[in-house]
Amino acid sequence: MKLIKLAPLALLAACGGTTTEPSATQTPVETVVPEPVPAEIAQPAPPPPNAERLRGLNPREVQALMGEPSLGRRDANVQAMLFETNACVFEVIFYEPSDDQHFEATETNARTRRGSDVDRTECLMKILPNSRWLDQQ
């Protein structure tokens, strides 16, 4: 009867794992760890266009930032450029203080197509491609 009681213990001992060292002929398995992929760094959105950036620029510099105007007009020492969409009209006014000086942007205005004043920044965002100055594209 003692043998019967010891039999399960013998079976358990036989099932128990034994540890063996790898032989000299076995090469250890090397674990390959993939290199981390850098996450894209989100670029902050540029600030909305500010009409004050145009102040002091000449007509060519304004066109470099805004593109071709819908209308340009010159009367003596005053020049105006209009940039239009269905939503609004943005106007840049240039003055030439004297004959030996160049035209310089001194005023900007924004209005609806019917003539009511609108926010200049909102109008600029509608006029500029992707709501950005052309040098930010």
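Above this note sits the structure.
Bear in mind that the values here come from a model prediction, so they are computed numbers and not experimental data. (Residues numbered from 1 in each chain as written. Predicted model: local features only at pLDDT ≥ 70, side-chain atom pairs only at ≥ 80, totals over all residues. Heavy atoms only, no water.)

Draft legend 1. Inspection of the overall build of the protein chain at higher detail. Broken down by element type, the protein chain carries three helices and four strands. The helix and strand sequence of the protein chain, counted from the amino end, reads α-α-β-β-β-β-α. Looking at the 137 residues of the protein chain, the share that counts as buried comes to 24%. Sequence separation of 24 or more characterises 45% of the internal contacts of the protein chain that already satisfy a separation of 6 or more. (Helix = DSSP H or I, 4+ residues; strand = E, 2+ residues; numbered from the N terminus. Buried < 20%, exposed > 50% of the residue type's maximum accessible area, 1.4 Å probe, protein only. Contact = heavy atoms within 4.5 Å.)

Draft legend 2. Summary view of the sheet that holds strand β1 (residues 71-75). Spatially, β1-β2-β3-β4 is the arrangement adopted by the four strands of the open sheet, whose pairing is antiparallel. The sheet is open, and its two edges are formed by β1 and β4 (104-111), each paired on a single side. Averaged over all pairs of adjacent strands, the angle between their axes in this sheet comes to 15°, without regard to strand direction. Along the sheet, helix α2 (residues 59-66) makes contact with β2 (78-84) and β3 (89-95), crossing β2 at roughly 10°. (Pairing = 2+ DSSP bridges. Axes fitted to C-alpha atoms, helices over the stretch in contact; angles between N-to-C directions.)

Draft legend 3. Just the environment of V78, in detail. For V78, the position within the fold is in strand β2. You can call V78 partly exposed: its relative accessible area is 26%. As for V78 and F103, which are separated by 25 residues in sequence, their C-alpha atoms are 7.8 Å apart.

Draft legend 4. Expanded view of the environment of E96. Here E96 lies in the loop between β3 and β4. In this structure E96 comes out as buried when scored by relative accessible area, which is 13%. Filtering out sequence-adjacent residues up to four positions away, E96 remains in contact with R74, N77, Q101, H102 and F103.

Draft legend 5. Geometry of the state of the cysteines. As enumerated under the stated definition, the model contains one disulfide in all. The partner cysteine of C88 in its disulfide is C123, sulfur to sulfur 2.2 Å. When the S-S torsion is 100°, as for the bridge of C88 with C123, the disulfide is right-handed. Here C88 is found in the loop between β2 and β3, whereas its partner C123 is found in helix α3 (residues 120-127), with 35 residues between them in sequence. (Disulfide = S-S within 2.5 Å.)

Draft legend 6. Here's a closer look at α2. Residues of α2 that are buried include every one of P59, V62, L65 and M66, and no others. Down the axis of α2, the smallest arc covering the buried residues is 125°, so these residues share one side. Opposite the packed face of α2, turned more than 90 degrees from it, sit the exposed residues R60 and A64. Packed against the buried residues of α2 are β2, β3 and α3. Of the residues that open α2, the one with a side-chain oxygen 3.0 Å from the backbone nitrogen of R60 is N58. Just downstream of α2 lies G67, where phi reads positive at about 100°. (Arc of directions from axis to C-beta. Polar contact = N/O pair within 3.5 Å; in protein donor to acceptor, adjacent residues only side chain to side chain.)

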